[in-house]
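What follows is the residue order along each chain.
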Amino acid sequence: MFALNLKIAFRNLWKHRGYAIFNIIGLAISLTCVLIIFLFIHQWLSADNFHPKANRTYRVVSIGNNKGVRNPMMGVPAPMANALRAEFPQLEKVANIAQSFQVVDVPESNGTIKQHFREYGSLFYTDPAFFEILNFPWLMGSPSSLNAPLHMALTQSTAVKYFGNWQNAMGKKLKLAGDDRLYEVTGIMKDIPSNSDFPIHVAVSFQNYYNATSTRWNSVDQGHHCYVLAKPGTDMASLQQQLSTFTKKYYDPKDPLSNTHEFQSFATIHTDDNYGTFSGKHYTNGQLNALKIIGAFLLLIACINFINMATAQAVSRSKEVGVRKVLGSTRKQLMVRFLGETFIITLIAIIIACILTETCLPIVGNFLDQQISFNIQQYPVLLVFIFTLWVCISFLAGTYPALIISGYNPISALKSKIRAQKVDAFSLRNILVVLQFSVTLVLIIATLIVVKQINFFKNKPLGFNDRAIVQLNVPSDSLSKLRFASFKQKLMANSGIEMVSYAYTAPSTSSNNFTSFYLNNSSEKGDFLVCNKPADEDYFKLFGLRLLAGKPLSKTDTTTGYILNETMLHQLNFKKPDEAIGKMLKLNKRANAPIIGVVQNFNNLSLHGEITPVVLYTSKDEYQTLFVKLAPSHMQATLKAIANDFSSFFPNQFYEQPSFYDQYIANYYLVEEKTATLLSTFTGIAIFISCFGLFSLISFVAVQRTKEMAIRKVLGATTVELVKQLNHSFVKMMLIANLIAWPLSYILLTKWLQTFAYKIDFPWQPFIWAGLSSVLILVVTVSFRAYKTAVSNPINALKYE
């Protein structure tokens, strides 16, 4: 019986294949998007979920106080871990882990360097306890080997990269750039999953960390984290309260800049946008929820199409229903039959969606910088999700049409007296189509405003020049610093180079260093932190920074004067730039020197944050980066010359290809650009599927109003008037959809724009463009189908009356 019903269902689908193809295409496209979104979110949220003690694991975070403003920081002061071990018996384990940006050298037996490997952000200084808190498996050796200095462990693939065979890596020697000591490989770990927050390739004994023995509590290193494992049954609320009391012991209560600390649950680290992670990859709960909503919207649109197309086709199947009822079929049997057809359509759509998903995943994964795999063995929940989709969509999309079709009176059906129900203003179909239009309009408006905000980022003056400037990391050891001046002189002799400058960081960077200060020889700290930017005398000219008062930095290796920005000037309550000149300033543990100038404000952070107080000064010991302004012509040849000169002056140092600074700035807004691209893509898909829905509903209306159109045509109505008449009700629905979508879009996008310190004035043009474009799409889609009805021969519609 089942085989017979299945055969009949396939026959009906083949007979009405146009209807089936439309439904399958709409569902398949929607399901492809949903599967990709599910895979991305599931794999993102599954990061580090394999640690058995994760529910008892916490990260200690810092909260700075900068003039009353809460400043969350994921790092901790250097002595934090030792203090917690001594005073918190409720903690089973306490571990340091610090991220470093290093070059690892593989030496030959005679001491010469065989190869350099760049481990920027993938080399970590750790305590053995870290691997006891989190379960990263070891293939050889054990974490306890990191108790001794000059010991390190490698991941399996890193060992292969260094030595060709990971089994032979144990006991081999490695060096770190700028460090003449040899480090012994004492362990091999399994490769860390790509979606982990800990991109560890090399683990080095924490005893070799430059700041390991520091006792300073007033300095927070963002790259130095502290993880703890609470004993089973520990009351974390009580422990948090104890931590608040604990921090008061180590900070001066009179210090306006003292930090507080909290325990952050391990489960929240991956999605909490207040702090951050070692991996630097970050998608907040809000962003993930937005993707879930978009996926739900696309599914809803596809289901609405299915319902509208099924009900539009119902009249053509009325005789089939009549015959089946006369032959004894019950309404329940008919509903099961029609639902069966829906299940088949949905199953075919899911199969096609799985094929499309597998095809699209490499492109999507590359775009989102995330390895996404369609692997049911690896993710069994995927099979459950697909099955749930199949059942839910089939029932959601098929129940209402099955109820309508199976409810026809058999006598009326056989006499061809079944007519489609009248489409009034409050019919389910109209409500669904208005909802469909509203969702599409919200996506269109959101896309236009997100793109407008990104263009604002790209075009807003930042207060400095970033064009044709490359930045290059330079070695920081004392011997290399002695060659800085001659290296700069050599570069300036190149006609392809306009200017060269050494500095700690660029004007705008995510690696800012903030410190306290003392003004006019006062013994009390200022009540806010300042961003310090050591730079040489050519820094201002190279970046086009503008002095408002005083003189520029002088050619010297030590600090002889400070230059403030306008923000710091105002926070120090100076009304005019000249008032600050000559006042004495001392940065924490730096020279006491006069203020020699005031620079016009420039954005030292991304446009997500406001300009902070900035101090610039000369200090050769702090220079880490070389900036080179290139002449417009022959840039590639100039870059090759820079590489050759670098190798000549620093033969034992790793040369990293310099990056263009304007691209670095553009990367600030990479998440927003990806958001805009995703929105544009999903909006296009939503419009495409919505056009299917429009086509199905106009088919329904055309069937209902065929005789009406024929009578109007006999009475003299033109084709244009008939098409206009059919468009009328749909335009009203679109206007209602606009009334729903506009306020909803305003609320959502206003909230999104508030996450930026610098943003566009809320624009109304996208609302107008979205409304006009939606009406245009509607009119084109409806008119295409309405025209066929309007030009048909009226005699064919009237001759049986």
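(A) A look at the overall build of the protein chain. A count of helical and extended segments in the protein chain gives 24 helices and 23 strands. Scored against the burial criterion, the 801 residues of the protein chain give a buried share of 51%. Pairs at least 24 apart in sequence give 80% of the contacts found in the protein chain among residues at least 6 apart. Counting only carbon and sulfur atoms, one obtains 59% of the accessible surface of the protein chain, whose full area is about 37100 Å².

(B) View of the packing of helix α14 (residues 484-492) against helix α18 (residues 635-649). The interhelical angle for the contact between α14 and α18, taken along N-to-C directions, is 155°, at an axis separation of 11 Å. Taken together, the axes of α14 and α18 are roughly antiparallel relative to one another. In this structure, α14 meets α18 at a crossing whose hand is right-handed. Between α14 and α18, the residues in contact are S486, F487, K490 and L491 and I642, D645, F646 and F649, respectively.

(C) Broad picture of the sheet that holds strand β13 (residues 497-503). Overall, antiparallel pairing links the 4 strands, which are arranged β13-β22-β12-β23 in an open sheet. Of all the strands in the sheet, the pair left with one neighbour each is β13 and β23 (659-660). The pairing of strand β12 (residues 469-473) with strand β22 (residues 625-630) spans 5 bridges and is antiparallel. Directly across from L472, in β22, lies its bridge partner L626. Contacting β13 and β22, α14 crosses the sheet at an angle of about 160° to β13. Packed onto the sheet, α18 meets β12, β13, β22 and β23 and runs at close to 150° relative to β22.

(D) Molecular detail of the pattern of salt bridges. The tally for this structure, following the rule as stated, stands at 13 salt bridges. R56 is the partner of E92 in a salt bridge, and the nearest nitrogen-oxygen pair spans 3.2 Å. Of this pair, E92 sits in strand β3 (residues 91-107) while R56 sits in the loop between α2 (17-45) and β1 (57-66), and the two are 36 residues apart along the sequence. Residue R56 is classed as buried on the basis of its relative accessible area of 18%. The salt bridge involving K458 is made with E673; its shortest N-O contact spans 3.4 Å. Taken together, the residues span a long stretch of sequence, with K458 in helix α12 (residues 428-459) and E673 in helix α20 (residues 670-704) at a distance of 215 residues. Among the ionic contacts, a cluster of salt bridges with common partners joins K488, D536, E537 and D538.

(E) How the structure looks around the side chain of T440. Among the structural elements, T440 can be located in helix α12. Judged by its relative accessible area of 7%, T440 falls in the buried class. One polar contact links the side chain of T440 to the main-chain carbonyl oxygen of Q436, over a distance of 3.0 Å. Look past the residues within four positions of T440 in its chain and what remains in contact with it is I301, A686, I687 and S690.

Cut-off values and rules
Residues numbered from 1 in each chain as written. Predicted model: local features only at pLDDT ≥ 70, side-chain atom pairs only at ≥ 80, totals over all residues. Heavy atoms only, no water. Helix = DSSP H or I, 4+ residues; strand = E, 2+ residues; numbered from the N terminus. Buried < 20%, exposed > 50% of the residue type's maximum accessible area, 1.4 Å probe, protein only. Contact = heavy atoms within 4.5 Å. Areas by Shrake-Rupley, 256 points an atom, 1.4 Å probe, with all protein chains shown as cover. Axes fitted to C-alpha atoms, helices over the stretch in contact; angles between N-to-C directions. Parallel < 35°, antiparallel > 145°, perpendicular 65-115°, else oblique. Left-handed = near helix turned anticlockwise from the far one by under 90°. Pairing = 2+ DSSP bridges. Salt bridge = Lys/Arg side-chain N within 4 Å of Asp/Glu carboxyl O. Polar contact = N/O pair within 3.5 Å; in protein donor to acceptor, adjacent residues only side chain to side chain.

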